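Listed below, chain by chain, are the residues.
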Amino acid sequence: MKSMKPFEKFQTITVACMLMAAVSTLLPVTFAQAATSDWQETEGGKMRLVSAGMQNGSLKAGLEIRLDEGWKTYWKVPGESGLPPSFDTSASQNVASIKTLWPVPHRIGAGGIELLGYKDAIIFPFLVTPADKNAPVVMDLAAQVGLCAELCVPLDAEFSLKIPASGDHDLGTELLIDRDMALVPTAPRDDFTITDIKHAKMDDGGDSLIISARIPDGYGKKDLFVEAPEGWFLPLTTHMENNVEGQERFSLRLEGLPKDAKTQGAKLTFTLTNGDEAVVETRILAK
């Protein structure tokens, strides 16, 4: 059976949501109430904690953010400026682990700089593994999220959500969580992966990395986002024009490193995109 691309999954989920909305206007609501917290609001948007459904024994939850027109929020690497989201779930009960998933971001121009993030709405999904699968989970989340337009404001909120042991069965909420889970980068594959990393000197004498990659054609922009070791503040990559046949090349200036930092042995995480489809891999620099 042929697997669907993320864009096709998104279309399928979107159609399902539209059908659900149409049916709900014609028939009495018979679905279970979703496990959701109250909305926490500030200038620029609002957010809440939601949960519905299960995946491989883990409960599916998510921090849902809805943004006002013209506002945006950030990925875990915010770009040239901004506040990355911060999530603290340490006070949760009956939890063996909570894994945060990161939907692929996009570049957003703002005041002459580029941010990495999202507009309109986004759900940051969580996979919650219970310590006791037969007992409910209490998920406590302290979240700080930056919202930005002409000005930037932090939205700090605390949520507590009781999730049934079998997961909540609200289909509409589960489809929304699945919509953004489909945007989470997957493992690299032969036709979608980094093929080479080389050091190079820039025209101004600065150091850089030239990163080559195979990226299949998709429904949007081919791009590369880089996560560096703690304390490094690297600029965004530049998509080079003189690509090798069948491969894309990106330049990454090695700026913003701590004093005396060494690139040899440094671990960098690379997220390659072709629109809403993405893969992620970690590489150790040779020098």
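See the structure above.
Residues numbered from 1 in each chain as written. Predicted model: local features only at pLDDT ≥ 70, side-chain atom pairs only at ≥ 80, totals over all residues. Heavy atoms only, no water.

A. Examining the pairing of strand β15 (residues 222–227) more closely. Taken across its six residues, β15 has six buried, putting it largely inside the fold. Residues K222, L224 and V226 line one face of β15 and the alternating positions D223, F225 and E227 line the opposite face, and both faces are buried. With six bridges connecting them, β15 and strand β18 (residues 267–274) associate as antiparallel partners. Across the sheet, residue F225 finds its bridge partner in β18, namely T271. (Buried < 20%, exposed > 50% of the residue type's maximum accessible area, 1.4 Å probe, protein only. Helix = DSSP H or I, 4+ residues; strand = E, 2+ residues; numbered from the N terminus. Pairing = 2+ DSSP bridges.)

B. Examining the nonpolar core more closely. Counting 35 residues, the largest nonpolar core has M47, L63, I65, F87 and F126 as the members making the most contacts within it. Broken down by secondary-structure element, the contributors of at least two residues to this core are β3 (45–55), β4 (58–67), β9 (113–119), β10 (121–130), β11 (137–148) and β12 (152–163). In this view, L63 contacts M47, R48, L49, F87, I122, I123, F124, F126, L141, A143, V145 and F159; residues no more than four positions away in its chain are not counted. Grouped together as the second largest cluster of nonpolar side chains are 19 residues, I211, F250, A266 and V279 included. (Core = buried A, V, L, I, M, F, W, Y, C linked by side-chain atoms within 4.5 Å. Contact = heavy atoms within 4.5 Å.)

C. The arrangement of the sheet that holds β15 in detail. One open sheet accounts for three strands, arranged β15-β18-β19; its pairing is antiparallel. Two strands close off the open sheet at either side, each with one partner strand: β15 and β19 (277–284). The average undirected angle you get between the axes of adjacent strands in this sheet is 20 degrees. Bridging between β18 and β19 involves eight bridges; their strand directions are antiparallel. By the bridge assignment for β19, F270 is matched with E281. (Axes fitted to C-alpha atoms, helices over the stretch in contact; angles between N-to-C directions.)

D. Representation of the sheet that holds strand β13 (residues 193–201) in the model. Pairing within the open sheet is antiparallel, and its four strands lie in the order β13-β14-β17-β16. Of all strands in the sheet, those with a lone pairing partner are β13 and β16 (238–239), marking the two edges. Where β16 meets strand β17 (residues 248–253), two bridges bridge the pair, whose relative direction is antiparallel. Bridge pairing in β17 places T238 opposite S251.

E. Molecular detail of the environment of A61. Tracing the backbone through its elements, the reader meets A61 in strand β4. Since its relative accessible area comes to 0%, A61 is described here as buried. Counting along the chain gives 112 residues from A61 to T173, while the straight-line C-alpha distance between them is 9.5 Å. Setting aside chain neighbours within four positions, we find A61 in contact with V50, S51, F124, P125, F126, V128, M139 and I177.

F. Representation of the side chain of K60. Among the secondary structure elements, K60 is positioned in strand β4. By relative accessible area, which is 4% here, K60 ends up buried. The contacts of K60, once residues within four sequence positions are left out, are S51, A52, G53, M54, Q55, F126, L127, E174, I177, D178 and M181.

Treat this as a map of the structure, not an account of what it does.
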